[in-house]
Amino acid sequence: MLKRHKNHLKSQTEKNFTDEGDRLFKMGIKILQQSKTQKQKAEAYLFFAKAADMGNMKAMEKMADALLFGNFVMQNITAAIQLYESLVKEGSYKAQNALGFLYSYGIGMEYDQAKALIYYTFGSAGGSMMSQMILGYRYLSGINVLQNCEVALNHYKIVADYIADKLKKTEGIPVEKVRLTERPENLSSNSEILDWDIYQYYKLLAERGDVQIQVSLGQLHLIGRKGLDQDYYKALYYFLKAAKAGSANAMAFIGKMYLEGNAAAPQNNATAFKYFSMAAHKGNAIGLHGLGLLYFYGKGVPVNYAEALKYFQKAAEKGWPNAQFQLGFMYYSGSGVWRDYKLAFKYFYLASHSGQPLAIYYLAEMYATGTGVVRSCRTAVELYKGVCELGHWAEKFLTAYFAYKDGDVDSSLVQYALLAEMGYEVAQSNSAFILESKKAKILEKEKMYPMALLLWNRAAIQGNSFARVKLGDYHYYGYGTKKDYHTAATHYSIAADKYHSAQAMFNLAYMYEHGLGVKKDIHLARRLYDIAAQTNPDAHLPVFFAMVKLETVHFLQDILFLNFTSRWKWMELDNTIGPYWDLFVIGLIVALLIILLRSRHG
């Protein structure tokens, strides 16, 4: 009897402990959802930490991620790994994905691709969308697995279905993907992220009655773009000011806010109809599309496909991609019209050119099943991949960028590296860029160049011309691999021919001039130098000096030296002056030019 009583007390204590953990976790989530500042978000993690100590699995996952990425708490990869390892024993698919990622880079543990693949496989089986996406990318590219388009298609489709389902409920928010490879002066005032000073200036212009700025600020606050927080009240405030001044776009956006419903504009079909009608009366495409949606779904008005079709057609003719998508969907599903896959494809294709995500998804569906088009696995996978990259995980692009800007290189690298593993080309080049700088401390120095080379290669395969030039540089100088002039020349040739890269042309010209990895060809070197200068104005000065050096050396070789003695070998300059004799000649030419210019002015 006493033993039973003790067991009852024990189970009751455990239940209370679990309940308290759940309560703390829910409080943390509530604070996180209502937070607008980093400080407020950090407060939520105090609750997660307490809930995690009580064994709450979801809180433990939150804390492990925070420790790994250095978000809201000090980055501590060792502590994160300990949490992930205990979570894996509880069957956490998020932890399995995280351990797979850490093994794939050798961050905090040994570099082991076989173990990474096992963890990703278990993670995807458990429901990790990130693992599904990583496996999709690996099978698409043949990374540590045999390249298999059909397997990649299956993985990407699962994630794309999940994203499309979310997109049908709410419009997708595109995330700014800042390239760290941009010049520093461009990076500090990056157009992807709105500087605080510029934001204050825009606010001033908006208050002074600049209608265009009012609409722009309203849009930015409506979906939380360019680093600004989502704020429905501010969005509605700016739209109402602009609408009062007669802006049709503002009227349409107010209609959209009331149609979807939010804290500032509670869902109201009648109000939505009123504002959409006002905008449509002015011939506004967004307003026309809004009326089409009301008739299509029967919101505040009876369902009327004929009216919906009429409004969608008018908006589509004005180039509004959402209306083009809706027309495509009507023909694809046979809603109020005869099913016509050819017309569906036409409208999906038109909308996809403007990046309409659901249009891209349905195009992928058509290519995957061969509906209305010839089946193409590769095309379907590429389209599904584009949809998958709209997932909420893309928000890490912003936190990674801000971490980098604040000097937290390790936090930035871990976030970019995870996105790179998922197949984001911008993240691959950003991760490689950070590794190349050797500022990160989470990887051993000797691992940085080989890992950067691997990531530049993945980015180059996805069409990044800068990454292709980098591959040439790495093989030319022997960074993370053996020196290989022939391979370097191959990469420079691809970048020059396919992407018209002036840097690649210049490098290739230099190699032809000196016969490095290619047969020496002075005429081709001259031609490549000329094309480099024509392609990019920034190349004019280096090309000028290179051409002066080339012509001077060529003149000396052909006229002076060969006249003195037939036994003199030009190549012996390498032994006498050194391997960088050409730089010495350039220096000499520059010095002579300066002397000439000074004497002229004198």
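Quick notes on the rules
- Residues numbered from 1 in each chain as written.
- Predicted model: local features only at pLDDT ≥ 70, side-chain atom pairs only at ≥ 80, totals over all residues.
- Heavy atoms only, no water.
- Helix = DSSP H or I, 4+ residues; strand = E, 2+ residues; numbered from the N terminus.
- Buried < 20%, exposed > 50% of the residue type's maximum accessible area, 1.4 Å probe, protein only.
- Contact = heavy atoms within 4.5 Å.
- Polar contact = N/O pair within 3.5 Å; in protein donor to acceptor, adjacent residues only side chain to side chain.
- Expected span 1.5 Å × (residues − 1).
- Core = buried A, V, L, I, M, F, W, Y, C linked by side-chain atoms within 4.5 Å.
- Salt bridge = Lys/Arg side-chain N within 4 Å of Asp/Glu carboxyl O.
- Phe/Tyr/Trp six-rings, centres within 6.5 Å; stacked < 30°, edge-to-face > 60°.
- Axes fitted to C-alpha atoms, helices over the stretch in contact; angles between N-to-C directions.
- Parallel < 35°, antiparallel > 145°, perpendicular 65-115°, else oblique.
- Left-handed = near helix turned anticlockwise from the far one by under 90°.
- Nonpolar A, V, L, I, M, F, W, Y, C, P; charged D, E, K, R; others polar.

Re the environment of Trp393
Part 1: Relative to the elements of secondary structure, Trp393 occurs in the loop between helix 20 (377-388) and helix 21 (396-405).
Part 2: Owing to a relative accessible area of 4%, Trp393 belongs among the buried residues under this scheme.
Part 3: Filtering out sequence-adjacent residues up to four positions away, Trp393 remains in contact with Met129, Met130, Met133, Val159, Tyr162, Ile163, Cys388, Leu419, Met422 and Tyr424.
Part 4: Within the local environment of Trp393, its side chain forms a polar contact with the backbone oxygen of Cys388, the two atoms lying 3.3 Å apart.

Brief notes about helix 13 (residues 248-260)
Part 1: In this model helix 13 runs 19 Å from its N-terminal to its C-terminal C-alpha over 13 residues, within 8% of the 18 Å that 1.5 Å per residue would give.
Part 2: Counting buried positions along helix 13 yields 11 of 13 residues, so the element is predominantly enclosed.
Part 3: Three or more residues of helix 13 are buried, namely Ala248, Ala250, Met251, Ala252, Phe253, Ile254, Gly255, Lys256, Met257, Tyr258 and Leu259.
Part 4: Packing partners of the buried residues in helix 13 comprise helix 11 (211-223), helix 12 (232-244), helix 14 (269-281) and helix 15 (285-297).
Part 5: The opening residue of helix 13, the one whose side-chain oxygen lies 3.1 Å from the backbone nitrogen of Ala250, is Ser247.
Part 6: A positive phi of about 80° marks Gly261, the residue just after helix 13.

With respect to the nonpolar core
Part 1: Tyr84 and Phe101 are the most contacted members of the largest nonpolar core, which has 152 residues in total.
Part 2: In terms of residue count, helix 19 (residues 357-369) provides more of this core than any other element does, 10 residues in total.
Part 3: Setting aside its immediate chain neighbours within four residues, Tyr84 contacts Ala64, Asp65, Leu68, Ala95, Ala98, Leu99 and Leu102.
Part 4: One finds Ala489, Leu508, Ile522 and Leu550 within the second-largest nonpolar core, a separate group that totals 25 residues.

Notes on helix 18 (residues 341-352)
Part 1: When the terminal C-alpha atoms of helix 18 are compared, their 16 Å separation across 12 residues agrees well with the 16 Å that a helix rising 1.5 Å per residue should span.
Part 2: Listing the buried residues of helix 18 in full gives Ala344, Phe345, Tyr347, Phe348, Ala351 and Ser352.
Part 3: Those residues of helix 18 that are buried lie in contact with helix 17 (321-333) and helix 19.

Details of the pattern of salt bridges
Pairing of side chains with opposite charge becomes possible as their charged atoms draw close.
Part 1: For the structure on display, the rule yields 15 salt bridges.
Part 2: Glu150 serves as the salt-bridge partner of Arg375, at 3.0 Å between the closest nitrogen and oxygen. In this pair, Arg375 is assigned in the loop between helix 19 and helix 20 and Glu150 in helix 8 (residues 149-169), connecting sequence segments 225 residues apart.
Part 3: The class for Arg375 is partly exposed, based on a relative accessible area of 40%.
Part 4: Between Arg378 and Glu382 there is a salt bridge, with the nearest N and O atoms lying 3.2 Å from each other. Remark: Glu382 and Arg378 occur in helix 20; sequence separation between them is 4 residues, near one turn of the helix.

Some words on the packing of aromatic side chains
Part 1: As enumerated under the stated definition, the model contains 37 aromatic pairs in all.
Part 2: A ring pair is formed by Tyr237 and Tyr238, whose centres lie 5.2 Å apart and whose planes are at 70°; its orientation type is edge-to-face.
Part 3: On the basis of relative accessible area, Tyr237 is assigned to the partly exposed category, the value being 38%.
Part 4: The exposure class assigned to Tyr238 is buried, which follows from its relative accessible area of 4%.

Overview of the packing of helix 6 (residues 113-126) against helix 7 (residues 129-141)
Part 1: Helix 7 packs onto helix 6 with a crossing angle of 130° between their chain directions and a minimal axis gap of 8 Å. In this view, helix 6 runs oblique relative to helix 7, as classed from their interaxial angle. Where helix 6 crosses over helix 7, the two elements pack in a sense that is left-handed. Contacts between helix 6 and helix 7 involve Gln113, Leu117, Tyr120, Thr121, Gly123 and Ser124 from the former and Ser131, Gln132, Ile134, Leu135 and Arg138 from the latter.
Part 2: Here the contact of helix 6 with helix 7 is built from residues that sort into 4 nonpolar, 6 polar and 1 charged.

Quick word on the environment of Gly463
Part 1: In this fold, Gly463 is placed in the loop between helix 24 (445-461) and helix 25 (465-477).
Part 2: Each C-alpha atom, one on Gly463 and one on Ala495, is 9.6 Å from the other, the two residues being 32 residues apart in sequence.

A short note on the packing of helix 11 against helix 12
Part 1: Contact geometry of helix 11 with helix 12 gives a least axis separation of 8 Å together with a crossing angle of 155°. As far as their axial angle goes, helix 12 and helix 11 are roughly antiparallel. Considering only the axes of helix 11 and helix 12, their crossing is left-handed. Contact residues: Val211, Gln214, Val215, Leu217, Gly218, Gln219, His221 and Leu222 in helix 11; Tyr232, Lys234, Ala235, Tyr238, Phe239, Lys241 and Ala242 in helix 12.
Part 2: In the contact of helix 11 with helix 12, the residues fall into 9 nonpolar, 4 polar and 2 charged.

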